[in-house]
Amino acid sequence: MRTDIRNLGVKAGWKALTEGMIIAGAGTSREFNTGEWSTDKPVFLEEKCKQCLLCVPVCPDSCIPVVDYKRGAFDYGHCKGCGICVKSCPFGAITMEGVE
Ligand code: SF4
Ligand code: SF4
């Protein structure tokens with residue numbers, strides 16, 4: 001039996017797990033919201049942003065898209081809340097807040 005990896009997640013039961021030594025599909029985070037366990041999240045303060053794009057390449061999870069040469073909204077589905085983007089912004093346009 002082949003495991004459908006799209007059914008795997010935090011709430012998957014043991015019967016849904018991949019059988020030993022079987023690789024059911026290529027590694028990807030597209031199907032999984034790996035940021036759902038984050039305890040902190042970055043908040044974009046658009047009025048302070050100068051569009052320097054320094055925050056974009058430092059995100060280890062590629063959660064800051066560029067749309068029409070401007071930085072887009074955070075991808076909270078994959079953001080880990082590490083805060084690296086906050087440190088990289090020279091204009092204070094990103095702050096952190098706790099997830100409720
Ligand atoms: S580093 Fe700060 S100012 Fe630059 S694009 Fe990112 S949020 Fe905007
Ligand atoms: S907090 Fe970390 S994971 Fe989230 S957008 Fe910033 S750099 Fe990326």
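Small disclaimer: the values here were computed from a predicted structure and weren't measured.

Draft legend 1. Quick peek at the overall build of the chain. Helices and strands together make up the secondary structure of the chain, namely two helices and four strands. Along the chain, helices and strands appear, N-terminal first, in the series β-α-β-β-α-β. Counted over contacts in the chain with a minimum sequence separation of 6, partners at least 24 positions apart contribute 57%. Within the structure as shown, the chain displays about 7300 Å² of accessible surface, and the carbon and sulfur contribution to it stands at 56%.

Draft legend 2. Up close: the side chain of His 78. Locating His 78 in the fold gives a position in the loop between β3 (70–71) and α2 (84–88). Given a relative accessible area of 13%, His 78 falls into the buried group. A polar atom in the side chain of His 78 sits 2.9 Å from the side chain of Asp 75. Once residues within four sequence positions are removed from consideration, His 78 is found in contact with Ser 29, Phe 32, Asn 33, Thr 34, Gly 35, Asp 61 and Cys 63.

Draft legend 3. Geometry of the site of ligand 2. Ligand 2 sits among Pro 42, Cys 59, Pro 60, Cys 63, Phe 74, Cys 79, Lys 80, Gly 81, Cys 82, Gly 83, Ile 84 and Cys 85. Along the lines of polarity and charge, the residues of the shell around ligand 2 split into nine nonpolar, two polar and one charged.

Draft legend 4. Inspection of the site of ligand 1 at higher detail. In the region of ligand 1, 13 residues are neighbours, and Cys 49, Cys 52, Leu 53, Cys 55 and Cys 89 sit closest. Residues belonging to the shell around ligand 1 are distributed by class as follows: 10 nonpolar, one polar and two charged.

Draft legend 5. Molecular detail of the packing of aromatic side chains. This structure, assessed with the given rule, holds one aromatic pair. Here Phe 74 and Tyr 76 contribute two aromatic rings whose centre-to-centre distance is 5.9 Å and whose plane-to-plane angle is 35°, an arrangement assigned as tilted. Residue Tyr 76 is classed as partly exposed on the basis of its relative accessible area, which comes to 37%. One residue, Arg 71, lies across the ring of Phe 44, its end atom 3.8 Å from the ring centre. Lying over the aromatic face of Phe 74, Arg 71 brings its terminal NZ or CZ to 4.4 Å of the ring centre.

Draft legend 6. Broad picture of the nonpolar core. Grouped together as the largest cluster of nonpolar side chains are 12 residues: Cys 49, Cys 55, Val 56, Cys 59, Cys 63, Ile 64, Phe 74, Cys 79, Cys 85, Cys 89, Ala 93 and Ile 94. If we skip the residues at most four places from it in the chain, Val 56 touches Ile 64 and Val 66.

Draft legend 7. Representation of unusual backbone geometry within the structure. Positioned with a positive phi, Asp 68 is a non-glycine residue whose angle comes to about 50°. Note on placement: Asp 68 falls in the loop between β2 (66–67) and β3.

Draft legend 8. Region of interest: the environment of Met 96. Relative to the elements of secondary structure, Met 96 occurs in strand β4 (residues 94–98). Relative accessible area serves as the criterion here: at 32%, Met 96 is assigned to the partly exposed category. In the structure, Met 96 is positioned 53 residues away from Val 43 in sequence and 5.9 Å away in space, judged by C-alpha atoms. Discounting residues that sit within four places of it in the chain, Met 96 has contacts with Asp 40, Lys 41, Pro 42, Gly 81, Gly 83 and Val 86.

Each value, and the rule that gives it
- Residues numbered from 1 in each chain as written.
- Chains lettered and ligands numbered in written order.
- Predicted model: local features only at pLDDT ≥ 70, side-chain atom pairs only at ≥ 80, totals over all residues.
- Heavy atoms only, no water.
- Helix = DSSP H or I, 4+ residues; strand = E, 2+ residues; numbered from the N terminus.
- Contact = heavy atoms within 4.5 Å.
- Areas by Shrake-Rupley, 256 points an atom, 1.4 Å probe, with all protein chains shown as cover.
- Buried < 20%, exposed > 50% of the residue type's maximum accessible area, 1.4 Å probe, protein only.
- Polar contact = N/O pair within 3.5 Å; in protein donor to acceptor, adjacent residues only side chain to side chain.
- Near = heavy atom within 4 Å.
- Nonpolar A, V, L, I, M, F, W, Y, C, P; charged D, E, K, R; others polar.
- Phe/Tyr/Trp six-rings, centres within 6.5 Å; stacked < 30°, edge-to-face > 60°.
- Lys NZ or Arg CZ within 6 Å of the ring centre and 35° of its normal.
- Core = buried A, V, L, I, M, F, W, Y, C linked by side-chain atoms within 4.5 Å.

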